Amino acid sequence: MGYEVSKSDDEWREQLTPAEYQVLRQAGTERAFTGEYTDTETTGVYRCKACQAELFRSDTKFHSGCGWPSFYQPESEAIEYIEDRSHGMVRTEVRCASCGSHLGHVFPDGYGTPTGDRYCINSIALTLEPRES
């Protein structure tokens, strides 16, 4: 699939830190409960670390206790969904629709949320743009 933001592997490596590259471009996962935004309650917009596309708003973030930032709904058209059969299970991987970067996974266990979904997203894949009050 062609993406709005398209860079060579070398360009991504130059732009991203090794840890960011491992998650965003190689579908890695940061360790649970270590990410910058796991417990953040700052009001604002969460953007893709690789291309700055708007992905989630803080008012859709909730505390799921899973160890990663959790959201119940992305911005419209911001996410690409890919079937992931790695690690002996079937999951739905979520990628940035603008650049194809791996963000995390979505699960149908967002109990008590308006959508019933839990977008489990790596903090390292995000940049938070705070909104002033």
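Residues numbered from 1 in each chain as written. Predicted model: local features only at pLDDT ≥ 70, side-chain atom pairs only at ≥ 80, totals over all residues. Heavy atoms only, no water.

Heads up, the rule is: UniProt positions are given in the numbering used here, feature names are shortened, and annotations may be inferred rather than shown by experiment.
Under an unreviewed UniProt entry, the protein chain has the name peptide-methionine (R)-S-oxide reductase and belongs to Nocardioides jiangxiensis. Checking UniProt for the protein chain, the heading Catalytic activity (unreviewed entry) contains the comment "L-methionyl-[protein] + [thioredoxin]-disulfide + H2O = L-methionyl-(R)-S-oxide-[protein] + [thioredoxin]-dithiol".

Remarks on the overall build of the protein chain
How we decide: By the criteria applied, helices consist of DSSP H or I runs no shorter than four residues and strands consist of E runs no shorter than two, each listed in order from the N terminus. The quantity called the radius of gyration is restricted to C-alpha atoms. Its globule counterpart is 2.2 Å times the number of residues to the power 0.38. Each accessible area is a Shrake-Rupley result for a 1.4 Å probe, and residues are judged covered by the shown protein chains and nothing else. Positive residues here are Lys and Arg, negative ones are Asp and Glu, while His and the chain termini are left out of the count. The atoms used to mark charge sites are NZ of Lys, CZ of Arg, CG of Asp and CD of Glu.
Per the secondary structure count, the protein chain includes 2 helices and 9 strands. Against the compact-globule benchmark of 14 Å for 133 residues, the protein chain has a radius of gyration of 14 Å, which places it among compact chains. Total accessible area on the protein chain stands at roughly 7400 Å², and carbon and sulfur atoms take up 45% of it. One finds the centroid of the 13 positive side-chain charges in the protein chain at a distance of 3 Å from the centroid of its 22 negative side-chain charges.

Re the sheet that holds strand β3 (residues 61–62)
Counted only if it meets this: Strand pairing is assigned whenever DSSP detects at least two bridges linking the two strands.
If you trace the 6 strands from one edge of the open sheet to the other, you get β3-β4-β8-β7-β6-β5, paired in antiparallel fashion. The two strands at the open ends of the sheet, each matched to only one other strand, are β3 and β5 (79–84). Two strands pair when backbone bridges link them, and β3 and strand β4 (residues 70–71) are joined in this way by 2 bridges, in the antiparallel orientation. Bridge pairing in β4 links Phe62 to Ser70.

Thoughts on the pairing of strand β7 (residues 102–107)
On any regular strand, side chains alternate: one points to one face of the sheet, the next to the other face. Just so we agree on the cut-off: In this scheme, a residue with accessible area under 20% of its type's maximum is buried, one over 50% is exposed, and one in between is partly exposed, where area comes from a 1.4 Å probe on protein chains only.
The element β7 is largely enclosed, with a buried count of 5 among its 6 residues. The pairing of strand β6 (residues 91–96) with β7 spans 4 bridges and is classified as antiparallel. The residue of β7 that forms the bridge with Thr92 is Val106. In textbook terms, the turn of a hairpin is the stretch between consecutive antiparallel strands, and for β6 and β7 this stretch comprises 5 residues, one of which, Gly100, has a positive phi near 80°. The pairing of β7 with strand β8 (residues 118–121) spans 4 bridges and is antiparallel. Across the sheet, the residue bridging to Val106 is Tyr119, located in β8.

Regarding the pattern of salt bridges
Condition: Criterion for a salt bridge: a side-chain nitrogen of Lys or Arg within 4 Å of a carboxyl oxygen of Asp or Glu.
Overall, the coordinates contain 10 salt bridges when judged by the stated rule. Here Glu75 ties to Arg57 by a salt bridge, and the two come within 3.4 Å at their closest N and O atoms. With Glu75 in the loop between β4 and β5 and Arg57 in strand β2 (residues 54–57), this residue pair connects regions lying 18 residues apart in the sequence. Here Arg85 ties to Glu83 by a salt bridge, and the two come within 2.6 Å at their closest N and O atoms.

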